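# Summary of structural features
The primary structure of each chain is shown beneath.
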Amino acid sequence: MESRLQKNLAKNSEYGQNQDLKQSNVDFRKNFHQTKLEITQMLTDIQSAENSDDDFTKARNLQEIDQKLRSLQQSLISNSITLPSYDIHSLQNHLSELIASYHHAKTQLLPTPSFRFKSRVKKSTTTHSTSQSSSSILPPAPSYSISNLKSQNLIL
């Protein structure tokens with residue numbers, strides 16, 4: 001009788017742990033979707049106010065979105081132990097869509113830097129004279145051959 005009582009207590013404690021685990025998974029999904037909605041709202045706000053904001057404000061807002069995306073990704077990684085595999089894959093897909101829309105907005109909204117290196121045009125006469133002079137200075141490359149038992153030679 002005592003063993004049956006211990007088994008029932010163990011089942012009840014496991015049931016309580018499973019309920020806690022299920023509740024934490026539900027809470028995580030709610031927080032994930034709430035953060036996802038906040039990020040999408042911020043992205044739409046930034047894109048709609050494209051001309052009115054200055055570049056510093058856009059960069060600051062994009063940096064805030066980037067931090068939220070990183071924290072969302074980190075929380076997904078930390079909770080992936082307790083989530084079912086289907087939920088993990090669907091949440092990863094949602095996260096990758098958010099990251100793609102963030103990168104798209106970032107490339108469209110932030111200005112390209114005006115400083116660029118100019119490519120130098122090499123003169124053709126200079127390259128010919130250096131290639132001729134370098135070939136006369138360097139000794140010819142040695143060649144190696146390997147033969148196998150069938151008397152076939154491989155030249156390297």
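Before any of the text, the structure's been laid out above.
Presented here is an overview of the structure given in this document. Since the model is a prediction, treat every value here as computed from it, not as a measurement. Residue numbering note: each chain is counted from 1, following its sequence as written. In keeping with the predicted nature of the model, local features appear solely for residues at pLDDT of at least 70, side-chain atom pairs appear and are counted solely at 80 or more, and the whole-chain, interface and lining totals rest on all residues. Here the side-chain values reflect all heavy atoms present in the structure, with hydrogen atoms and water set aside.

### Regarding the packing of helix H2 (residues 55-79) against helix H3 (residues 85-109)
Two quantities define a packed helix pair, namely the angle between the axes and the distance from one axis to the other. Axis separation between H2 and H3 bottoms out at 11 Å; the angle between their running directions is 165°. It follows that H2 is roughly antiparallel to H3 by the angle criterion. For the pair H2 and H3, the crossing hand works out as left-handed. Residue-level inspection shows Lys58, Leu62, Ile65, Asp66, Leu69, Leu72, Gln73 and Leu76 of H2 in contact with H3, the latter providing Leu91, Gln92, Leu95, Leu98, Ile99, Tyr102, Lys106 and Leu109. Residue polarity follows a fixed list, in which Ala, Val, Leu, Ile, Met, Phe, Trp, Tyr, Cys and Pro are nonpolar, Asp, Glu, Lys and Arg are charged, and the others, Gly among them, are polar. When the residues that make up the contact of H2 with H3 are grouped by side-chain class, the tally is eleven nonpolar, two polar and three charged. Only the stretch in contact is used when fitting a helix axis, every axis being a line fitted to C-alpha atoms; angles between N-to-C directions are given from 0 to 180 degrees. Secondary structure elements follow DSSP: runs of H or I no shorter than four residues count as helices, runs of E no shorter than two count as strands, and numbering proceeds from the N terminus. Angles are sorted into four bins: roughly parallel if under 35 degrees, roughly antiparallel if over 145, roughly perpendicular if 65 to 115, and oblique for all others. It is the rotation of the near helix from the far one that decides the hand of a crossing: anticlockwise by less than a right angle makes it left-handed, clockwise makes it right-handed. The criterion used for residue contact is that any of the two residues' heavy atoms lie within 4.5 Å.

### A short note on the pattern of salt bridges
Whenever a carboxyl oxygen of Asp or Glu lies within 4 Å of a side-chain nitrogen of Lys or Arg, that contact is scored as a salt bridge. Tallying each qualifying case throughout the model produces three salt bridges. Measuring nitrogen to oxygen at the nearest pair gives 3.1 Å for the salt bridge that ties Glu38 to Lys68. Of the two residues, Glu38 is situated in helix H1 (residues 2-48) and Lys68 in helix H2; the sequence distance between them amounts to 30 residues. Taking relative accessible area as the criterion, Lys68 reaches 22% and is therefore assigned partly exposed. With a closest N to O distance of 3.2 Å, Asp66 and Arg70 form a salt bridge. Taken together, the positions of Asp66 and Arg70, both in helix H2 and four residues apart, correspond to about one turn of that helix. Among the residues examined, Asp66 registers a relative accessible area of 21% and is labelled partly exposed. Arg70 gets classed as exposed once you look at its relative accessible area, which sits at 56%. Burial classes: relative accessible area under 20% of the type maximum marks a residue as buried, over 50% as exposed, and values in between as partly exposed (1.4 Å probe, protein chains only).

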